[in-house]
Amino acid sequence: MPEWFGFVVDRGNCSAEALGDYNFLATEDKNNWGNDGIIPHGSKASKIGCKRITNRYNDLDINFSQDAICR
């Protein structure tokens, strides 16, 4: 979705299947997403991927909060 990934080149697009590798984040407190041991053993998820998802989540969280305040 554009609100998640913007207008990146095709080679940078994520599929829903690729994001499924990070489904463990849904059960973790967002404050723990940066911990090194959060990725389950055998997962295809990477530390860099977790960092990117965390950064994007934080950006969206800030934008949503600002929109709610400014209305």
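Details of the structure are given in the entry above.
Quick summary incoming for the structure in this document. (Residues numbered from 1 in each chain as written. Predicted model: local features only at pLDDT ≥ 70, side-chain atom pairs only at ≥ 80, totals over all residues. Heavy atoms only, no water.)

## Observations concerning the overall build of the chain
Right, on to step 1. For the chain, the helix and strand inventory stands at 3 helices and 0 strands.
Right, on to step 2. Listing the helices and strands of the chain from first to last along the sequence gives α-α-α.
Right, on to step 3. Of the contacts formed within the chain by residues at least 6 apart in sequence, a portion of 42% connects residues at least 24 apart.
Right, on to step 4. Counting only carbon and sulfur atoms, one obtains 53% of the accessible surface of the chain, whose full area is about 5,900 Å². (Helix = DSSP H or I, 4+ residues; strand = E, 2+ residues; numbered from the N terminus. Contact = heavy atoms within 4.5 Å. Areas by Shrake-Rupley, 256 points an atom, 1.4 Å probe, with all protein chains shown as cover.)

## As for the pattern of salt bridges
Right, on to step 1. Scanning the model with the defined rule gives 1 salt bridge in all.
Right, on to step 2. Between K30 and D61 there is a salt bridge whose closest N-O contact spans 3.3 Å. Of this pair, K30 sits in the loop between α2 (16-19) and α3 (47-70) while D61 sits in helix α3, and the two are 31 residues apart along the sequence. (Salt bridge = Lys/Arg side-chain N within 4 Å of Asp/Glu carboxyl O.)

## Brief notes about the environment of K47
Right, on to step 1. When you line up the elements, K47 lands in helix α3.
Right, on to step 2. K47 gets classed as exposed once you look at its relative accessible area, which sits at 55%.
Right, on to step 3. Sequence spacing of K47 and D36 is 11 residues, and the spatial spacing of their C-alpha atoms is 7.3 Å.
Right, on to step 4. For K47, the contacting residues outside a window of four places in its chain are D36 and I39. (Buried < 20%, exposed > 50% of the residue type's maximum accessible area, 1.4 Å probe, protein only.)

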